[in-house]
Structure formats: C-alpha cells, structure tokens
Amino acid sequence: MFDIIPGGGGGWRLVDPRPIKAMAPYTFFTPSEAELEALRMGDSVHLAFAPDKALEGEAERLWVRIEDRSGPIWQGAVEDGRESLPGLEAGSAVSFHPWHVVAVRECRVDGLEEEARYFARAHIDPRLLTGEVLLGALERRDEVGQSARRGVYADTGWFAFGDDDLRPDAMAMHYGPIGLVLNIDDSMMPLLRAPYGTRIERWQGGWRRVAL
C-alpha cells in the first residue's frame, strides 16, 4: 500500500490508493482519469502520507499544490504540513504520480453522483461486515425509507441480511452506506432499483426478486 517516493523522501511514505480502491470500490473514491487530466498548474490535490514507522492503513491527507505536471511524475509543494509527518512542512517539495491523487479541491469534470448513490444509507447485518456470514438476502422496506431519512445522504430503505435465518431488528443493525454491501458482493446490483416491498434473495447461483 505504501509507495516509494520518486526522488526520495525523509520520514514519510506516499500511499498508493489503488489497492484500497480495489478492495472497497463502492466506498473509496478517487478522481477519474478525465478529472486528473483537467488539473492545471497551481491546482491543489489531496495526497495521502504515512510516517515511516506507521502501521498498515495509518496515513494523513495533505493538500499539495501542483507546480509541474509535464511528465509522468508530477511535482508539487505541500500547502500545510503536519508535526506527525517529519520533513513535510509547508512548502516542502513532493514528487508523485497522477494516480497518487486521492481527491481534488475543485471538480471540473465529474459530479458527486457516484458517491451520493453508494453512500446512500442501508441497514446492514453487522455480521456481514465482519465476515461472519455471507450476504443472503435484501429487503426494501417502505416504512423505513420514509421514517429513517436523515443526515446528508438519502436512505435507500434496503435491509441486508446474512445467509442464515437470523434477522436482527433495525436497532441491532449497522446503518451505513449501501456501498459497504456492494463491496462484499455486487452481483445483485441490477436489482437494487426494485420498488419498496421487494425482497432479493439468492436463488440457483444468482438472485431473484420476490414480493415481501
């Protein structure tokens, strides 16, 4: 996950976001190639840095101002440093590949439709998130969709259950992005536009939609 800095670095490493994106494609978003191509000199981008002795997954994001993007390796300057990242003060030079960019300050090409879609909320059996059970069924409940809409992201009304007979009630379930379910198994994706009052369940190696 940690990358070697082109041209060297002292006390820190640059994080390669691509393995994280591969593991969590529906909850970890990075700029598209078109968005990266739209960047210009002077634009600010988020890069993820980790101290040399950091544990796996330990990192901080810093804004870096692009100063040269003429070659395959871009050059930039840190806008604000961190005490936890020695050698990265404001103005420190950083060399990085375009694919190191985890976010841009100004979106010129892409909207946030993808994030809004996959960050929309669902009720999820917490055992799915720990790997204790496999995904077995989803139910879209109208009353929950109407009553539980809160916060920045919409509520989908979907409940995701394990592949056993246990059905935790709403209070025992994790309320979070439906992208967490899709990270586990996205094979039911075409059925997620089903109306309220629908159940999706595994059937003959695939999925089928039935009425609740």
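Calculation notes
- Residues numbered from 1 in each chain as written.
- Predicted model: local features only at pLDDT ≥ 70, side-chain atom pairs only at ≥ 80, totals over all residues.
- Heavy atoms only, no water.
- Pairing = 2+ DSSP bridges.
- Helix = DSSP H or I, 4+ residues; strand = E, 2+ residues; numbered from the N terminus.
- Axes fitted to C-alpha atoms, helices over the stretch in contact; angles between N-to-C directions.
- Buried < 20%, exposed > 50% of the residue type's maximum accessible area, 1.4 Å probe, protein only.
- Polar contact = N/O pair within 3.5 Å; in protein donor to acceptor, adjacent residues only side chain to side chain.

Asks: Break down the sheet that holds strand S9 (residues 135-140) for me, citing the residues and quoting the values.
Replies: Strands sit in the order S11-S8-S10-S9-S12-S13 across an open sheet of six strands; the sheet is mixed. Taken across any chain shown, the strands that pair with only one partner, and hence form the sheet edges, are strand S11 (174-177) and strand S13 (206-211). Neighbour-to-neighbour, the strand axes of this sheet turn through a mean angle of 25°, independent of strand direction. Two strands pair when backbone bridges link them, and strand S12 (residues 198-203) and S13 are joined in this way by six bridges, in the antiparallel orientation. The residue of S13 that forms the bridge with Arg 199 is Val 210.

Asks: Please set out the side chain of Ser 95 residue by residue, giving values where relevant.
Replies: Inspection of the secondary structure assignment puts Ser 95 in strand S6 (residues 93-96). Given the relative accessible area of 15%, Ser 95 is considered buried. Of the polar contacts made by the side chain of Ser 95, one reaches the side chain of Gln 75; its length is 2.7 Å.

Asks: Mind laying out the pairing of S12, listing which residues take part and the relevant values?
Replies: Bridging between S9 and S12 involves four bridges; their strand directions are antiparallel. The partner of Glu 139 across the bridge, within S12, is Arg 199. Once S12 ends, the chain turns through two residues before running back antiparallel as S13, passing Gln 204 with a positive phi of about 50°.

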